[in-house]
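Spelled out from the first residue to the last, the chains are:
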Amino acid sequence: MLVVLVRFIFLSFFFLSAGNILGKNKKPASKEKVIVVGAGIAGLVAAKDLLDHGYDVEVWEANPLRVGGRLFSVKVAGSIAELGGEDLLDGGDANYLIQYANQLGIKVNVDPNPYYDIHFFGQDKKTVRNLDLFVEEKFPFDDSIDERTVDAMIEKAMSAKPMVTMADFLQAFFAKQPKLLEYFDARTQTNEGVSTKEIDASYAKSSFRSQLWSNIKTVRATSMKKKPIALSNTRFIGGNASLPLALAKVLGKRIRMGVKLDKIQVTKDGSYRLVPTRGRLVKAKYVVLAIPASMYKYINVEEGLYKQWQQIVSSNVMARSGKVLVPLTWNKEPIGVAQSLSFVARLNQDRKVAALYFTNLESKDTSAMLDIARDHSSFLEQVFPATKVELGGKFETPVEQFAACKEGCVKNWSEEQFTEGAYSIIPPGKEMLLEDNIEYVCEQPILQLFSPYKNTLFFAGEHTSHDARGTIIGAFESGIRAAKMLENCSRPTAAL
Ligand SMILES: Cc1cc2nc3c(=O)[nH]c(=O)nc-3n(C[C@H](O)[C@H](O)[C@H](O)COP(=O)(O)OP(=O)(O)OC[C@H]3O[C@@H](n4cnc5c(N)ncnc54)[C@H](O)[C@@H]3O)c2cc1C
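In this report, the structure presented in the accompanying data block is examined. Along each chain, residues carry numbers from 1 onward, in the same order as the chain's sequence is written. Totals for whole chains, interfaces and linings use every residue, but because this is a predicted model, local features are given only for residues with pLDDT of at least 70 and side-chain atom pairs only at 80 or more, for both listing and counting.

### What to know about the sheet that holds strand 7 (residues 255–257)
What holds strands together in a sheet is hydrogen bonding between their backbones, with the strands either parallel or antiparallel. Counted only if it meets this: At least two bridges found by DSSP between two strands are what make those strands a pair. Each helix is a run of DSSP H or I of at least 4 residues and each strand a run of E of at least 2, with the numbering of both proceeding from the N terminus. Note on geometry: axes are lines fitted to C-alpha atoms, helical ones only across the stretch in contact, with angles between N-to-C directions running from 0 to 180 degrees.
A sheet is described by the order of its strands in space; here five strands give the open sequence 7-2-1-11-22, paired in parallel fashion. Strands at the two margins of the open sheet, each flanked by one partner only, are strand 7 and strand 22 (457–459). Here the average twist between neighbouring strands, direction ignored, is 20 degrees. In this sheet, strand 11 (residues 286–289) lies alongside strand 1 (residues 33–37) in parallel orientation, the contact comprising four bridges. Residue pairing for strand 11: Val-34 is matched across the bridge by Tyr-286.

Listed below in structure tokens is the structure:
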């Protein structure tokens, strides 16, 4: 129940302040300088909120070509697909995010492709299973088990001493539906690149909770033929990058592209001197750091900040996932695309583009990913004979920047210069730092590790999220939270 409670507390804050977020209830301009570092979803929502509240905001984005970071929508053979974050519901309920996007004129899709999520597993190339087959086989799920009950069961298993293993939990949970257990395992393998056994071995509490929760939900939605919104694949129409692009449009020239933070110095008057790799340095009273945890190690910081910095760096590892997007023509029936445990194929809305998800890549080499794809699928070669990387398209204005991938796109996020991985994962042994140590700073709940430095330097980004780390929702909420915290901390009465 703790998770539910904590999430409720977090969301209550966001909802209570929704008027502010949407540009209403503005406070008088404070004109105080805030540098937001990173123009991913976390940084951009923070910057917009601060701008709406009268701060003098400047955003630094290391990438010279595009905003959005790990939200990266592209056009492949005329249809829009995601090279980065895809399913808005991965971190749980996305109502607030969707409501926020709606206010900016961005709608969410409500008609997902029934064949969207196709999982291929087993060594036999003829073995093709998709969600529809699972539905057709009509595996009943006990409808009397509602979400609250599932939550309570997970919490009970986690608090038992010793904690119940995930394998044991699943055996009991799916006792009457062994096929669903099989599907659960396959989904975890393909989506996360780890087996249930491996999760048990590392025994991170957060993995236990998040793996069970997200995967059980999908399995249930499948078996219960729930409305499509409950199924995986809820994206913004026009691509998930529509949201960062809309925010960038509002922020306009306040975004400085190609400006990479190199050094943070604290000045005598307590403000910050931020030094970019190239270009002019800037002095600011407040800083919101919204870069991936993997990038902290490249920034030179003052001694006082160093210890917290090091702890944050050591409490994260990045998932090595990549995507290959390929245009293909849909033949009504699912076709055997691949048979590897290491990837999952997804079709997009208009059934044109398949995204092949690779997890736990051994190689950092982009061309090696294509080799794996070819190795695993003769079918791929038929539909996609010439694969090439084409992620160009200069970012002239922060408005239009979809890269066109005429024949397909490859994105190996481990190779991405400003991210070095797909999303953060808590390494075994670091769970305690990142779970349940919540405190309140300037009226906002925050994990202790990400408490602001001197109430003037704030941390945002998916890795700072308590219960939705590694997700779009987690990043979004972290940006709102950082902005609210800064606004509260900078009130004349706020205690420092
Ligand atoms: C392949 C893939 C699939 C995913 N699938 C899903 C999914 O289905 N559902 C889901 O919820 N989530 C998914 N995610 C995760 C989700 O996309 C991320 O959690 C989220 O987009 C992170 O946002 P952010 O703002 O925290 O970080 P980012 O988007 O990484 O933004 C950080 C920004 O900081 C910039 N930067 C870095 N260093 C510096 C510096 N020194 N100075 C200035 N700027 C800097 C970067 O260029 C970047 O633009 C996926 C991610 C990937 C890669």
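What follows picks up the thread again.
### Re the sheet that holds strand 12 (residues 300–301)
One open sheet holds the four strands; their spatial order is 10-9-8-12, and the pairing between them is mixed. The open sheet has two free edges, formed respectively by strand 10 (282–284) and strand 12, since each of these has just one partner strand. Bridge count between strand 8 (residues 261–266) and strand 12: two bridges; the pairing is parallel. Considered in strand 12, the bridge of Ile-264 is made with Val-301.

### A closer look at the packing of helix 3 (residues 41–52) against helix 16 (residues 472–489)
Our working definition: Left-handed describes a crossing whose near helix is turned anticlockwise from the far helix through less than a right angle; right-handed describes the clockwise counterpart. With C-beta atoms placed from the backbone, a contact is any residue pair whose C-beta atoms sit within 7 Å. All residues other than Ala, Val, Leu, Ile, Met, Phe, Trp, Tyr, Cys, Pro, Asp, Glu, Lys and Arg, Gly among them, are scored as polar; the first ten of these are nonpolar and the last four charged.
The interhelical angle for the contact between helix 3 and helix 16, taken along N-to-C directions, is 35 degrees, at an axis separation of 7 Å. Regarding helix 3 and helix 16, the two cross each other, and that crossing is right-handed. Of the residues in helix 16, those in contact with Ile-41, Ala-42, Gly-43, Leu-44, Val-45, Ala-46, Asp-49 and Leu-50 of helix 3 are Ile-472, Ala-475, Phe-476, Ser-478, Gly-479, Ile-480, Ala-482, Ala-483 and Leu-486. Counted by class, the contact of helix 3 with helix 16 contains 13 nonpolar, three polar and one charged residues.

### Some thoughts on the site of the ligand
Threshold: Only the C-beta atom matters for nearness: placed from the backbone, it must lie within 6 Å of the molecule or strand for the residue to count as near.
In the vicinity of the ligand, 41 residues are found, and the nearest of them are Gly-38, Gly-40, Gly-69, Gly-85 and Thr-471. Mapped onto the shell around the ligand, the elements with two or more residues apiece are helix 3, strand 2 (56–61) and helix 16. Of the residues that constitute the shell around the ligand, the class distribution is 20 nonpolar, 13 polar and eight charged.

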